[in-house]
Structures are given as structure tokens and as C-alpha cells.
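Topology and contacts: notes
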Amino acid sequence: MYLSHAPETDRTGQSDLPRIPVTIHAQDPVSRAGVRSQLREHPALDVTEAAVPGAGAVAVLVVESLDEVAYARLRKVVRGDGSRSVLVVSSLRGQELLDVVECGVGAVVWRHEATPSRLLQAVLAASRGDGHLPGDLLSRLMSQAGTLHRGATGRPDVAPAGLTARETDVLRLIADGMETREVAAELAYSERTVKTVLQGVTMRLHLRNRTHAVAYALREGLI
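None of the values given here were measured: they were computed from a predicted structure.

Here we come to the packing of aromatic side chains. Centre-to-centre distance and the angle between the planes together describe a pair of aromatic rings. The tally for this structure, following the rule as stated, stands at 0 aromatic pairs. Over the face of the ring belonging to Tyr 189 we find Arg 166, whose NZ or CZ atom lies 4.7 Å from the ring centre.

This next bit is on the pattern of salt bridges. Applying the stated rule across the entire model yields 10 salt bridges. Note that Glu 64 and Arg 111 form a salt bridge whose closest N and O atoms lie 3.4 Å from each other. Linking Glu 64 in the loop between strand S3 (58-63) and helix H2 (68-80) with Arg 111 in the loop between strand S5 (107-110) and helix H4 (116-128), this pair joins segments that are 47 residues apart in sequence. For Arg 111, a relative accessible area of 27% corresponds to the partly exposed category.

To continue, consider the sheet that holds strand S1 (residues 20-26). Strand order in the open sheet formed by 5 strands is S2-S1-S3-S4-S5, and the pairing between neighbours is parallel. Each having just a single partner strand, strand S2 (45-48) and S5 make up the two edges of the open sheet. With strand direction ignored, the average angle separating the axes of adjacent strands in the sheet is 25°. Pairing analysis gives 4 bridges linking S1 to S2, with the strands arranged parallel. Of the residues in S2, the one forming a bridge with Thr 23 is Thr 48. Together, S1, S2, S3, strand S4 (84-89) and S5 form the strand contacts of H4, whose direction differs from that of S4 by roughly 150°.

A rise of 1.5 Å per residue sets the reference length of H4, with its 13 residues, at 18 Å; its end C-alpha atoms lie 18 Å apart and thus fit the reference within 8%. Three or more residues of H4 are buried, namely Ser 117, Leu 119, Leu 120, Gln 121, Ala 122, Val 123, Leu 124, Ala 125, Ala 126 and Ser 127. Those residues of H4 that are buried lie in contact with S1, helix H1 (29-39), S2, S3, S4 and S5.

Note that Arg 40 resides in the loop between H1 and S2. Judged by its relative accessible area of 44%, Arg 40 falls in the partly exposed class. In this structure, the C-alpha to C-alpha distance between Arg 40 and Val 22, residues 18 residues apart in sequence, is 8.9 Å.

Here the focus is the confidence of the model for the protein. When pLDDT is averaged along the protein, the result is 78, and 79% of the positions lie at 70 or above. Under a pLDDT of 50 for its full length, residues 1-15 has, in the predicted model, 39 contacts with residues more than four places off or in other chains. Scored below 50 in pLDDT, residues 150-160 makes 8 contacts in the model with residues more than four places away or belonging to other chains.

Thresholds applied
- Residues numbered from 1 in each chain as written.
- Predicted model: local features only at pLDDT ≥ 70, side-chain atom pairs only at ≥ 80, totals over all residues.
- Heavy atoms only, no water.
- Phe/Tyr/Trp six-rings, centres within 6.5 Å; stacked < 30°, edge-to-face > 60°.
- Lys NZ or Arg CZ within 6 Å of the ring centre and 35° of its normal.
- Salt bridge = Lys/Arg side-chain N within 4 Å of Asp/Glu carboxyl O.
- Helix = DSSP H or I, 4+ residues; strand = E, 2+ residues; numbered from the N terminus.
- Buried < 20%, exposed > 50% of the residue type's maximum accessible area, 1.4 Å probe, protein only.
- Pairing = 2+ DSSP bridges.
- Axes fitted to C-alpha atoms, helices over the stretch in contact; angles between N-to-C directions.
- Contact = heavy atoms within 4.5 Å.
- Expected span 1.5 Å × (residues − 1).
- pLDDT = per-residue confidence, 0-100.

In C-alpha cells, the structure reads:
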């Protein structure tokens, strides 16, 4: 399991911390109401009707499958509204996983696993900019990450880029399931330094987000 080992109880829901704005998008009102009821009572979250601008805002998109309508909505939420996103979906076929990562989504929850605690973990991870994937999706992403990287760079003949020692240390710990603050504590870095390292990797290697960065590094044997 990758980046999905957050504890069942939330450690950040303290009353003196800013609440995370969360919007729910679903193809049917029953699904929307169900997810809303699972999240709205948590003290760390502020479930709203309209998107709230801000780096920590999260949009939860609930779909059965990633058809053209759902993908267009996902792109609008991620790229138009600027929210960090959680995709709750029943299945992802073939190229659809790459489409999701390329779109900028780093948190995915299977609908059959969408318990209140799992949804909360995914929303908190997305708000922090962390990744959250079921283990079976990680293995698929690892096998497909090289393809997505070559498509992103437009240069299929480019050899895998290397990583610095600092980048290797950070990505290896994230691949082990650590959150940003845990990586910072383990390496005696600030959280800002960890985020800067990850941003540098994704920009230099033309990757979409930290989820893709870890998968690519594993796929290419860099960590």
C-alpha cells in the first residue's frame, strides 16, 4: 500500500487550525449527499456548496467510471477551479489511470472502499499536496509511468534522468508511505525543504505531481 497508511483517527482536526474547504461533485444527488454526510461533521473540514479559492481547497469528484463527461468535469475542477482533487471511482481502465495522473490528481479512492476514514485520509492528503493511492493502482502506475513521462517530455529517446542524493532520500521515504512532515523529521529538514525538493523533481523531469514522481523513480530503478 502506497501513501495510504495514514492513521484511522485524524491528528490534524484541532479547533485552532484553519478548516479545509471541501466541495463535493457527483453525477447523482444520492452519491453527493452520501459523501457530504460522511465528511461534513469532521471539525477539520468545511464542506461548502461552491469552490473556495486557496491552495488548500479540495474538490471530491464521485463517479462510476471515467467517461468523457466525468473526465471533462475532472479537468474543469483541477485546472479551472484550481482545487486539489480526490477522485472517488469504481474502476479505471487502461489509459484512464494515466489520464487521471496527467490531469493532476494525486488522490484516488475506490468507491467500494470509500469509508468516512478513507475519504478523510484522502482529503487531508490532497489538501497538503500529498499523494494517496490504493496499492493496486500504484503497481499499475509504476508500469505505466515511463510511458507518461515520455509523453510529457515529447522526447521518447531521452534516457532516464538521475536524482540527487537529497531527492532520492525524499522520494524513497514517500514511497515507504511517509507524509511530508514525517519525511522532514526523518531527514532533519523543514517541511518547506521537502516540498521544494519534490517540486524540483517534478519540474525537472516534467512529471505531473509527487505521485507520478515516486512511481517514475521506482519504475526507472532510481530509488
